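For reference, the chains in residue letters:
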Amino acid sequence: AYPSFMIQNQWQELLEASEKNWASRLQLGVIYAYQGHKDKAKRIWQQSLEQKETAWAWRNLAALERLEQRLDIATNYYQKAHKLKSDSIPLMIEYAETLLMAGKNKDLLDVMESLPAMMRQHGRIRFLEAQAALAESRLDIVQRFFDDEVEIADLREGATLLTDLWYGFQAQKLSQSEKIPLNDA
């Protein structure tokens, strides 16, 4: 099955021969990335950005950097994408996940403060906020997450992320109440 973008050879040939505008560069970069030509994809997306700054070119660059574990660069690119398309929930989720992966929990909590209420109430975004809050020992935010009985519609069956959050939260609460430091044991 093909992804949602057209990536067949015929499209590549047409795009390589077409006018070099931001949209054709964006699409061509997708084709190159799908083929595994990451450096070509990056170069083409940069050309797209030179012609018109779009959230999608920044997002694509961020996603590649994330795949290559260059998380500082990825979070910077996601931030640029988010500024251009701040109403996109899927983009915000990717940005938040990358901030968590990079250990930038405080940054994620700061971004959450700037989100419109509707976006802040999305189950997955609330969950990512709770994960960052737990890492920052902001147990009030985690408690609110559980008190509100947030529904995470895209949580996969068998996923342990919610359980991990619950046990981490309980461990920190116990640690604080008993004045016993947490350890890995």
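These numbers were taken from a predicted model, which means no experiment stands behind them.

The rules behind the values
Residues numbered from 1 in each chain as written. Predicted model: local features only at pLDDT ≥ 70, side-chain atom pairs only at ≥ 80, totals over all residues. Heavy atoms only, no water. Helix = DSSP H or I, 4+ residues; strand = E, 2+ residues; numbered from the N terminus. Buried < 20%, exposed > 50% of the residue type's maximum accessible area, 1.4 Å probe, protein only. Contact = heavy atoms within 4.5 Å. Lys, Arg positive; Asp, Glu negative; His and termini not counted. Charge placed at Lys NZ, Arg CZ, Asp CG, Glu CD. Core = buried A, V, L, I, M, F, W, Y, C linked by side-chain atoms within 4.5 Å. Salt bridge = Lys/Arg side-chain N within 4 Å of Asp/Glu carboxyl O. Axes fitted to C-alpha atoms, helices over the stretch in contact; angles between N-to-C directions. Parallel < 35°, antiparallel > 145°, perpendicular 65-115°, else oblique. Left-handed = near helix turned anticlockwise from the far one by under 90°.

## Quick notes on the overall build of the chain
- The helix and strand tally for the chain stands at eleven helices and zero strands.
- Listing the helices and strands of the chain from first to last along the sequence gives α-α-α-α-α-α-α-α-α-α-α.
- Expressed as lengths along the three principal axes of its C-alpha atoms, the size of the chain is roughly 70 × 30 × 30 Å.
- Evaluated residue by residue, the chain yields a buried proportion of 41% over its 185 residues.
- Excluding contacts between residues fewer than 6 apart, the proportion of contacts in the chain whose partners are at least 24 apart in sequence is 46%.
- Taking the 23 positively charged and 27 negatively charged side chains of the chain as two groups, their mean positions are separated by 5 Å.

## Considerations on the nonpolar core
- Counting 50 residues, the largest nonpolar core has Trp-45, Met-92, Leu-108, Ile-125, Val-142, Phe-145 and Leu-165 as the members making the most contacts within it.
- If sequence neighbours within four positions are ignored, Leu-108 has contacts with Met-92, Ala-96, Leu-99, Leu-100, Leu-128 and Ala-132.

## Looking at the pattern of salt bridges
- All chains considered together, the criterion is met by 13 salt bridges.
- Ionic pairing is found between Glu-68 and Arg-70, a salt bridge with its closest N-O pair at 2.1 Å.
- The closest approach of N and O atoms between Asp-72 and Lys-104, which form a salt bridge, is 3.2 Å. With Asp-72 in helix H5 (residues 71–84) and Lys-104 in the loop between helix H6 (89–101) and helix H7 (105–114), this residue pair connects regions lying 32 residues apart in the sequence.
- What makes Lys-104 partly exposed here is its relative accessible area of 22%.
- Taken together, the salt bridges that share partners define one network made up of Lys-42, Glu-65, Glu-68 and Arg-70.

## Notes on the packing of helix H4 (residues 55–67) against H5
- For the pair H4 and H5, interaxial distance at closest approach is 8 Å and the crossing angle is 160°. Our classification of the angle between H4 and H5 gives roughly antiparallel. The chirality of how H4 crosses H5 is left-handed. Residues Ala-55, Trp-58, Arg-59, Leu-61, Ala-62, Ala-63, Glu-65 and Arg-66 of H4 form the contact with H5, whose participating residues are Leu-71, Ile-73, Ala-74, Tyr-77, Tyr-78, Lys-80, Ala-81 and Leu-84.

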